[in-house]
Amino acid sequence: MLTYLIKRLGLSVAVVVTVLLVLFLLLRLIPGNPATIALGPRASPEAIQRYSEKMNLDKPVWMQFATYAGQVVTGDLGNDVFSDRKVSTIIGEQIGFSLALMAAAMGWAVALGVPLGCLAAVRPNSWLDRISAVLSVGTIAIPSFLMSIWALLIFSVNLRWLPAMGAGDPGNIPDQAVHLIMPALAVGLSWVGYLARMVRASMLEVMGEPYIRSAHAFGLKPARVIFGYALPVAILPTITLIGMGFGGLISAAVFAEIIFARPGIGKLIYDSVLARNFPIVQGAVVVATALYIGVVLMSDILVSWIDPRVRNSL
Amino acid sequence: MAFLSGWQGVLGLVLVVAFFASAIFAPLFAPYDPNAMDIPARLSGPSLSHLAGTDQLGRDTLSRLLYGGRVALKIAALGVSLSMVIGLFLGMIAAFGPRWLDALLLLIFDSVRAFPTIILGLATVALTGPSLGLVLVIVIVTSIPQYARVTRTAALSLRGTEFIQAERALGASTARILGHHILPNVVGPLLILAAMDVPVVVSIEAGFSFLGLGVTPPTASWGTILNEGYLVIRDAPWMVVAAGVPLILTTLGFTFLAEALRDVFDPRMTKGR
């Protein structure tokens, strides 16, 4: 288990460093002086000089990268071009909103999708199975940003049930929860069908295994066989899928944040791109990538902890 | 044909043909010029003269949607075919090259996939400014890994088989083995993957254009029409409704077609469902 952990961790660190390097080179390889791009074409030569020295632009590229990587490791992501506040502080203020949105979206999708898939597999071709099949095809076909826009149209513009914009008053938890409902519904909906379908397919496979027949033959209650013996095995591919799909979840959350004018890391990156505020773009992208890699790593570790066969395959 | 035995396959084929036909023959079907403004008729709802209403400049939404399909088709055709060819090439290199190269390529594939697409797009558009070419590059870069991985897996499993070993014993070069024996065996799975990939590519284009990172106004694209509709969602809700329909139909069409094709090429996949 320990060797597996070390190998897997090493691989993740390598991926994060590669992403960091690519992003860094991308920012340096574009034509033009980064200082001019960051400060705009009308910046004075003195300002450009000051900026270049501050950002180490006068040093060789490899040295710039080493310095930047060193700063990232110690949690220093540089300062905002405009307000000169720490990028890490700004991201810290925003990331909570994104995490809340992603957790709420994934939470309700898992709470509904997994039992739905289980029941559909236990009773194939029942009305429940049909509903879950229609739901999964129907929701997978709708891109998440379209789901957000249509949710906005239905629940805010037409029915006026839910607030259209923002994340609610700071400190007012019920208000924030109400503001969370619609984005979480829109981001999570396509996952309900996806998860139900995935769980159904692997449950059907597992339910045909001899050990499940044995468990039935021992006279165990069907519910105990399904939830105690079949589901823990059938859930494995789904956990991996959730980990792999986390990048898609981030993308969906970015769209939801922009469409619902909700604070969060996606809105932060979008606004910073429009304002050409590179330190924030760079820092936020690094944080988002690290978050993604962290979740994939966690799901892999979880799977290898449940299933010993995976540990020996790397 | 076998894959037309189920209703999903037929529906998929019909929708895919409709996607191609409406995009290619958009000038014939479109009732108006997509960029012709008619200010007095601005923001008018669906009617017989404007089936899907008009936008804030009085342009006919249906005509713009038809022309928007051409952008989607262009991105889908170029993006899918280029990433498939590059992915095929890289996948074969990974499978038949030295081990360190295989490990390096896998690391790169995983790193590229690690980037949530929209964040990669936002990071690059910050540098280059919005353009359709940028969307195409991002589509290709993010799609290559899956084609390469499928090719690599198929090529690796074939590499040890007896007929490849026999071929090698007869003195065939690696190029001949790859071109004559591996290629025909991976084309099927790759085509299914391509059909699955088209909706992804189309919605990436629409999503990027919606955010103003792709096609720039006044060019009509499903994404820019969605964005224009989003800005007037209270006054002209038909725009966001109408702009979503072709996206959903295209996704359904290609998904059904891909599943029907998969059932034909790989009957084992159907057993569990």
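These notes cover the structure that comes with them. (Residues numbered from 1 in each chain as written. Chains lettered and ligands numbered in written order. Predicted model: local features only at pLDDT ≥ 70, side-chain atom pairs only at ≥ 80, totals over all residues. Heavy atoms only, no water.)

## Examining the overall build of chain A
Moving on, step 1. Within chain A, the regular secondary structure consists of 15 helices and zero strands.
Moving on, step 2. Seen through its principal axes, chain A has C-alpha atoms that stretch 80 × 55 × 35 Å.
Moving on, step 3. When the 314 residues of chain A are sorted by exposure, 46% land in the buried category.
Moving on, step 4. Pairs at least 24 residues apart make up 70% of the contacts formed inside chain A by residues separated by at least 6 positions.
Moving on, step 5. Across chain A, the mean location of the 22 positive side-chain charges is 9 Å away from that of the 16 negative side-chain charges. (Helix = DSSP H or I, 4+ residues; strand = E, 2+ residues; numbered from the N terminus. Buried < 20%, exposed > 50% of the residue type's maximum accessible area, 1.4 Å probe, protein only. Contact = heavy atoms within 4.5 Å. Lys, Arg positive; Asp, Glu negative; His and termini not counted. Charge placed at Lys NZ, Arg CZ, Asp CG, Glu CD.)

## Overview of the packing of helix 13 (residues 265–274) of chain A against helix 14 (residues 278–306) of chain A
All names here are of chain A.
Moving on, step 1. At their nearest, the axes of helix 13 and helix 14 sit 9 Å apart, and the two run at 150° to each other. The angle between helix 13 and helix 14 falls in the class roughly antiparallel. In the packing of helix 13 onto helix 14, the handedness of the crossing is left-handed. Side by side, helix 13 and helix 14 meet where Ile 265, Leu 268, Ile 269, Ser 272 and Val 273 of the first sit next to Ile 280, Val 281, Ala 284, Val 285 and Val 287 of the second.
Moving on, step 2. Here the residues of the contact of helix 13 with helix 14 sort into nine nonpolar, one polar and no charged. (Axes fitted to C-alpha atoms, helices over the stretch in contact; angles between N-to-C directions. Parallel < 35°, antiparallel > 145°, perpendicular 65-115°, else oblique. Left-handed = near helix turned anticlockwise from the far one by under 90°. Nonpolar A, V, L, I, M, F, W, Y, C, P; charged D, E, K, R; others polar.)

## Examining a nonpolar patch on the surface
All names here are of chain B.
Moving on, step 1. Together, Phe 20, Ile 24, Phe 25, Leu 28 and Phe 29 line one region of the surface with nonpolar side chains, adding up to about 530 Å² of accessible area.
Moving on, step 2. Contributions of two or more residues to the nonpolar patch are made by helix 1 (7–24) and helix 2 (26–29).
Moving on, step 3. The residue Ile 24 is located in helix 1 in this model. (Patch = residues over 30% accessible without salt bridge, like charges linked within 9 Å, V, L, I, M, F, W, Y side chains within 5 Å. Areas by Shrake-Rupley, 256 points an atom, 1.4 Å probe, with all protein chains shown as cover. Salt bridge = Lys/Arg side-chain N within 4 Å of Asp/Glu carboxyl O.)

## Examining the nonpolar core
Moving on, step 1. Ile 118, Ile 182 and Leu 226 of chain B are the most contacted members of the largest nonpolar core, which has 140 residues in total.
Moving on, step 2. Broken down by element, this core gets its largest block of residues, 15 residues, from helix 8 (residues 174–210) of chain B.
Moving on, step 3. Here Ile 182 of chain B is in contact with Met 92, Phe 96, Ala 155, Leu 158, Ile 164 and Ile 177 of chain B, once residues within four sequence places are set aside.
Moving on, step 4. Counting 17 residues, the second largest nonpolar core, distinct from the first, contains Ala 215, Ile 226, Leu 231 and Val 303 of chain A. (Core = buried A, V, L, I, M, F, W, Y, C linked by side-chain atoms within 4.5 Å.)

## Describing the side chain of Arg 152 of chain B
Residues and elements named next belong to chain B.
Moving on, step 1. Tracing the chain through its elements places Arg 152 in helix 6 (residues 132–159).
Moving on, step 2. The buried category is assigned to Arg 152, whose relative accessible area is 14%.
Moving on, step 3. Look past the residues within four positions of Arg 152 in its chain and what remains in contact with it is Gly 91, Ala 94, Ala 95, Asp 102 and Leu 106.

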